[in-house]
Amino acid sequence: MKARNFSKSMFVTAAGGAMMLMVTGCGDGRKVPENSLAFADVVYVEDGYPVTWELAQGDTLDLPVLGVSDFVVKDSLLIVSNNDNAGRVTVLSLDGTTVYGKFLRIGRGPGEIVSFNGVSSVQFSHKENGHLTASWTDYAGNLMEWDVTASLESGQTEVTSRSLELQDSPLLLDAVPLEGQEYLIVHAGADRNSINRFILTSDGERRTTPPLARLNSATVKAEPESGSGRVVGSGNMVSFSVPGFNLINGSYAYESSRGLIVEAERTLNTMNIFSADGTYARTVCTYGDRVDDVSSVEHDSDARLALRPKTYPDFISVLHWFREPEVKQYVRLFSYEGEPLAGIPLPKGGIFYDMDIPGGCLYVLISGQELLIRYDVSGLLEDIIPSQEQ
């Protein structure tokens, strides 16, 4: 790893090097609930991570950008969302000193977009021509694709829009680019209490693998929201119900070299790792000793959240956000076999993160302060990434 001119972080191993980790199918007495977002093969972390990496003082980047709201690190580029009318996204060098371009202006003209939720909410992938591309969808089933590479070359926003022709799939939630112009399609079920997933092939066919069928079977009953409604002409109160799919919706990442999809459930204690071809499926129970039963999910279940899963060549990461008994955020790292590798406590307000693996750095954005801090984690990465000589 490249050395950095800021303080090394502290490397802390759990007491005695001990931790509780159990991989089970169905023989240890812990039955996976039928109505759950989990497979039969489960890794139980039991709230223990073998390494805690305490961040030392980092290097705050002086970005020449106003209104930074989120960011990602891709292909040795720092890509940030901002409130600049010249472009909602600015592409910079990794140290934040050089601006390569501003793109994705809001509007209805050529090269403009109607709305944008931020770079952390889109899917980045590489097309067959090697171009870095960001894609996102709207609820109507339209796919937007921003060719980052072509935009940097031309200096203009190179963005296209096309319909995925999913008229029978209401409320499109995500479209994750896979290999060979295929996509993992995620949409709310017709009953609004479930989520359906399928692979959309390049010729428009739909394929539901056994792992996807298992996840699709989970359903939650939405209840009328207490006290919600409005008085209509007759004086009767109309109650609105909370769509159940919001309670079991997840976030996704894809690792192309392994062909593996990661689904981190936002309000549940499971993270699922499965192959696009359906031949591999494993669940990580990320905290607690039992997989959450969807039948018991609470409608105000936001005391703990799992957000922004990311795939790197040698490991998976996810942000765990706990709101009780006090607010704490962690980036937690896992192997592709589901083995917990490390936990990194984040500074208060650190809810956006990404890593520059070759540079050995963790970037964290402090929400509300527009502070983007770069931390040296090279020692941690050297410990958890297998040596090329092995």
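Residues numbered from 1 in each chain as written. Predicted model: local features only at pLDDT ≥ 70, side-chain atom pairs only at ≥ 80, totals over all residues. Heavy atoms only, no water.

### Observations concerning the sheet that holds strand S18 (residues 195–200)
Where strands meet in a sheet, backbone hydrogen bonds hold them as pairs that are either parallel or antiparallel. What the four strands build is an open sheet, ordered S16-S17-S18-S19; its pairing is antiparallel. Each edge of the sheet is formed by a strand with only one pairing partner; in this case those strands are strand S16 (172–177) and strand S19 (206–207). (Pairing = 2+ DSSP bridges. Helix = DSSP H or I, 4+ residues; strand = E, 2+ residues; numbered from the N terminus.)

### Section: empty space enclosed by the protein
By rolling a water-sized probe across the atoms, one finds the places where empty space is left. Inspection of every chain in the model, using the stated rule, returns one cavity of 30 Å³ or more. Put simply, the largest cavity is a space of about 40 Å³. Contributions of two or more residues to the lining of the largest cavity are made by strand S23 (260–265), strand S24 (270–275) and strand S27 (316–322). Partitioned by chemical class, the residues of the lining of the largest cavity number five nonpolar, four polar and one charged. (1 Å grid on protein atoms, 1.4 Å probe; cavity = no way out; pocket = protein on both sides within 12 Å on 5 of 7 lines; lining within 4 Å. Points joined across faces, edges and corners; volume = space filled by probe spheres on them. Nonpolar A, V, L, I, M, F, W, Y, C, P; charged D, E, K, R; others polar.)

### Overview of the sheet that holds strand S13 (residues 132–137)
Spatially, four strands are ordered S12-S13-S14-S15 in an open sheet, and the strand pairing comes out antiparallel. Every other strand in the sheet has two partners, leaving strand S12 (123–126) and strand S15 (159–163) as the edge strands with one partner each. Ignoring which end each strand starts from, the neighbouring axes of this sheet average 25 degrees apart. One ladder, built from four bridges, connects S12 with S13; its direction is antiparallel. Residue Gln123 lies in a different strand from S13, and its bridge partner there is Ser135. (Axes fitted to C-alpha atoms, helices over the stretch in contact; angles between N-to-C directions.)

### Let's talk about the confidence of the model for the protein
Of the residues in the protein, 84% have a pLDDT of 70 or more, and the chain-wide mean is 85. Scored below 50 in pLDDT, residues 23–27 shows 10 contacts in the model against residues more than four places distant or in partner chains. Low pLDDT, under 50, characterises residues 226–240; the stretch is placed with 17 contacts to residues that sit more than four places away or in other chains. (pLDDT = per-residue confidence, 0-100. Contact = heavy atoms within 4.5 Å.)

### Side note on the layout of surface pockets
For the second largest pocket, the calculated volume is near 250 Å³. In terms of lining, the second largest pocket is formed by Pro50, Val51, Arg258, Asp314, Ser335, Tyr336, Glu337, Glu339, Leu341, Asp383, Ile384 and Pro386.

### Focus on unusual backbone geometry
Here the phi dihedral of Asp75 falls at roughly 50 degrees; this positive angle occurs in a residue that is not glycine. Relative to the helices and strands, Asp75 resides in the loop between strand S6 (70–74) and strand S7 (77–81). Of note in this structure, Leu104 is not a glycine but carries a positive phi near 60 degrees. For Leu104, the location among the structural elements is in the loop between strand S9 (99–103) and strand S10 (105–106). On the accessibility criterion, Leu104 (0% relative accessible area) is buried. (Buried < 20%, exposed > 50% of the residue type's maximum accessible area, 1.4 Å probe, protein only.)

### Concerning the packing of aromatic side chains
Counted by the stated rule, this structure contains eight aromatic pairs. Relative to Tyr330, the ring of Phe322 lies with its centre 6.1 Å away and its plane at 75 degrees, an arrangement referred to as edge-to-face. Accessibility assignment for this pair places Phe322 and Tyr330 in one class, buried. For Lys310, the ring lying beneath its charged end belongs to Tyr353, and the centroid distance is 5.4 Å. Taking the ring centre of Tyr330 as reference, the NZ or CZ of Arg332 above it sits at 4.6 Å. (Phe/Tyr/Trp six-rings, centres within 6.5 Å; stacked < 30°, edge-to-face > 60°. Lys NZ or Arg CZ within 6 Å of the ring centre and 35° of its normal.)

### Quick word on the nonpolar core
Core analysis: the largest hydrophobic core is formed by 44 residues, its most contacted members being Phe71, Leu78, Phe315, Leu333, Met355 and Leu362. In terms of residue count, the dominant contributor to this core is strand S31 (residues 361–366) (six residues). Look past the residues within four positions of Phe315 in its chain and what remains in contact with it is Lys310, Leu333, Phe334, Tyr336, Leu341, Met355, Ile357, Leu381, Ile384 and Ile385. (Core = buried A, V, L, I, M, F, W, Y, C linked by side-chain atoms within 4.5 Å.)

### What to know about the pairing of S16
Counting buried positions along S16 yields six of six residues, so the element is predominantly enclosed. Both S16 and strand S17 (residues 183–188) contribute to a ladder of five bridges, which runs antiparallel. Its bridge partner being in S17, Pro177 is matched across the sheet by Tyr183. The antiparallel pairing of S16 with S17 creates a hairpin that spans five residues between the two strands, and Gly180 there sits at a positive phi of about 60 degrees.

### With respect to the pairing of S23
If a strand is regular, its side chains alternate between the two faces of the sheet. Extensive coverage of S23 is indicated by the burial of six of its six residues. Along S23, one buried face is formed by Leu260, Val262 and Ala264 and the opposite face, lined by Ile261, Glu263 and Glu265, is buried too. As judged from the six bridges shared by strand S22 (residues 250–255) and S23, these two strands associate in the antiparallel manner. Within S23, the residue paired with Tyr254 across the bridge is Ile261. Between S22 and S23, which pair antiparallel one after the other, the connecting turn spans four residues, and Gly259 there sits at a positive phi close to 70 degrees. Note that S23 and S24 share five bridges and pair antiparallel. Bridged to Leu260 within S24 is Ser275.

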